[in-house]
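Coordinate inspection notes
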Amino acid sequence: MAQLVRRYLDRILDEHRQVTDGALACYIPELARVDPHGFALSLSSADGFIYECGDAGVEFTIQSISKPFTYALALDQIGQNAVDAKIGVEPSGEAFNEISVDEATKKPKNPMINAGAIAAVSLIPASTPDERFAMIAEFYSACAGRRLELDRDVYSSEKATGSRNRAIAYMLQSFGVLDDDPDDVLDVYFRQCSFNVTSTDLARMAATLARGGVNPLTGRRVTNAAVVKRTLSVMVTCGMYDAAGDWVSAVGMPAKSGVGGGIVAVLPGQLGIGVYSPLLDAKGNSVRGVRLCRSLSEQLGLHFLTVARDSRATLRAVYEPRDGIRVYETHGDLLFSGAEQVARTVERERADFAAVILDVSRVDDIDDTARELLSGISAALRAEGRAGYLVDPAGIVIRNELEYETVRYATVDDAVAAAERDLRA
Ligand code: GLN
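Residues numbered from 1 in each chain as written. Predicted model: local features only at pLDDT ≥ 70, side-chain atom pairs only at ≥ 80, totals over all residues. Heavy atoms only, no water.

**What to know about the nonpolar core**
Core analysis: the biggest nonpolar cluster contains 71 residues, and Ile-118, Leu-172 and Phe-195 have the highest contact counts within it. Take this core: its biggest share by element is eight residues, from helix H5 (residues 129-144). Contact partners of Phe-195, with chain neighbours within four places excluded, come to Phe-60, Thr-61, Ile-62, Phe-133, Ile-136, Ala-137, Tyr-140, Leu-148, Glu-149 and Leu-150. (Core = buried A, V, L, I, M, F, W, Y, C linked by side-chain atoms within 4.5 Å. Buried < 20%, exposed > 50% of the residue type's maximum accessible area, 1.4 Å probe, protein only. Helix = DSSP H or I, 4+ residues; strand = E, 2+ residues; numbered from the N terminus. Contact = heavy atoms within 4.5 Å.)

**Thoughts on the layout of surface pockets**
By volume, the second largest pocket is sized at about 160 Å³. If you trace the second largest pocket, you find it lined by Ala-343, Arg-344, Val-346, Glu-347, Arg-350, Leu-373, Gly-376, Ile-377, Ala-380, Leu-381 and Glu-384. Element by element, the count of residues in the lining of the second largest pocket is highest for helix H14 (residues 368-383), at five residues. Considering only residue class, the lining of the second largest pocket consists of six nonpolar, one polar and four charged. (1 Å grid on protein atoms, 1.4 Å probe; cavity = no way out; pocket = protein on both sides within 12 Å on 5 of 7 lines; lining within 4 Å. Points joined across faces, edges and corners; volume = space filled by probe spheres on them. Nonpolar A, V, L, I, M, F, W, Y, C, P; charged D, E, K, R; others polar.)

**Quick word on empty space enclosed by the protein**
Taken as a whole and assessed by the stated rule, the structure comprises one cavity of 30 Å³ or more. By volume, the largest cavity is sized at about 50 Å³. Lining the largest cavity are Tyr-27, Ile-28, Gln-63, Ser-64, Phe-96, Asn-114, Glu-158, Asn-165, Tyr-189, Cys-193 and Val-259. Of the residues belonging to the lining of the largest cavity, the class tally is six nonpolar, four polar and one charged.

**Some remarks on the sheet that holds strand S12 (residues 408-409)**
Pairing is mixed across the open sheet formed by five strands, whose spatial order is S8-S9-S10-S11-S12. At either end of the open sheet lies a strand with only one pairing partner, and these are strand S8 (315-322) and S12. Strand direction decides the pairing type here: strand S9 (residues 325-334) and strand S10 (residues 355-366), joined by nine bridges, are parallel. When the sheet's bridge partners are listed, Val-327 is paired in S10 with Ile-357. Along the sheet, helix H13 (residues 336-349) contacts S8, S9 and S10; its crossing angle with S9, the most-contacted strand, is approximately 170°. (Pairing = 2+ DSSP bridges. Axes fitted to C-alpha atoms, helices over the stretch in contact; angles between N-to-C directions.)

**A short note on the site of the ligand**
With respect to spatial proximity, the complete set of residues near the ligand consists of Tyr-27, Gln-63, Ser-64, Phe-96, Asn-114, Glu-158, Asn-165, Tyr-189, Cys-193, Tyr-241, Gly-258 and Val-259. Within the side chain of Tyr-27, a nitrogen or oxygen atom sits 2.6 Å from an oxygen atom of the ligand. Taking 300 Å² as the accessible area of the ligand by itself, protein coverage stands at 99%. The cavity where the ligand resides is the largest cavity. Of the residues belonging to the shell around the ligand, the class tally is six nonpolar, five polar and one charged. (Near = heavy atom within 4 Å. Polar contact = N/O pair within 3.5 Å; in protein donor to acceptor, adjacent residues only side chain to side chain. Areas by Shrake-Rupley, 256 points an atom, 1.4 Å probe, with all protein chains shown as cover. Sits in = over half its atoms within 2 Å of the grid points.)

**Describing the environment of Ala-282**
With respect to the helices and strands, the residue Ala-282 is situated in the loop between strand S7 (271-276) and helix H12 (287-300). Overall, the relative accessible area of 88% leaves Ala-282 in the exposed class. For Ala-282 and Gly-22, which are 260 residues apart along the polypeptide, the C-alpha to C-alpha distance reads 7.9 Å.

**Digging into the UniProt feature "binding site: substrate" (unreviewed entry) in the protein**
Residues annotated in UniProt with the feature "binding site: substrate" (unreviewed entry) correspond here to Ser-64, Asn-114, Glu-158, Asn-165, Tyr-189, Tyr-241 and Val-259. Here, the largest cavity is lined by Ser-64, Asn-114, Glu-158, Asn-165, Tyr-189 and Val-259 out of the annotated residues. By relative accessible area, Asn-165 is classed as buried at 5%. Reaching out from Asn-165, the side chain makes a polar contact with the side chain of Asn-114 at a distance of 2.9 Å. In this structure, Tyr-189 sits in helix H8 (residues 182-193). (UniProt positions renumbered as here; feature names shortened; annotations may be inferred.)

Structure below.
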């Protein structure tokens, strides 16, 4: 069966084989030596199954795709407030290597441009640059599910020529954003940009974000869901630099590009995507990579703002096992909007029935708001002298019967029996 999907992805890859526009990133001399024809796509499902197409075994340097991961590590280690004190979250509309800070706050505008990324490195709590680098290496490797290694040639090449990043780091120091020695911070930054990855590593790293911080391959929790939410938010607005608006409109996934030719894209809860093609446009994004992502999004319907289905689908079935007793059967993931639909439907129709049974035995996941709303429905019905029953065998809505004054039943039959008893009384 996997063959079917792979064939599909191969076909989308093949549609772009002939694209040769763009240029290698030659401002880092070593990057000008890579094979310009490399082309790869890897896709990880949310449960960690990998599809590979093209040169998925070819290694290239991660470059700026490192930025969201170091930012996530900083959030994880020192918390959002401490990170926000040093780095903003506003799209800059500027080039990735702009020597700038926000005019009002004097902080880097966001962590996806070099200024913000260098600041993020300085926030990783460690007493030496080596220790800081070790934490970063460990975090990226945990996301990828394998030990990532450095490309020492690319590292030395960038370190020897990175005057612009040096200018940025010293500027940050002058504004009080960098507390540590700028050259020490830069050395770690150049190292983090020089990790070798494959498109499959990127897909796995993306899938770890797609899963809210759990690596689907290893099962290890790498960070928490709040860190991932913030990281993905900044990837949406700033991940493709001054092409972010175009990217969100056309592709619609949180993403990050790197001048090594990689792109990582995340469809939350569903997919992680890694793409490689090293010829870049003027903004530093892979020309063919962007086009490939566009086709993937269009052909597979991956845009995250696609309104896929009516949230009414939360109600799986509505039926009457006995006259006057109506069952509302819910399923899937119940969050606020789904629970709101259920509550309003029951409220609108409640005059038609003597007893209402709410069946949540097929609900996969539920959040606190939905839990309160649903337990409130039968309680509210009871409060006004009507009969409301909840079928909740696993106790997903009612975890503690004392907390909510609602009895839960194990099966619809039990609830029907109770309703009949009550109605006779
Ligand atoms: N190491 C590169 C730099 O700092 C990363 C830039 C990028 O990938 N956009 O210039």
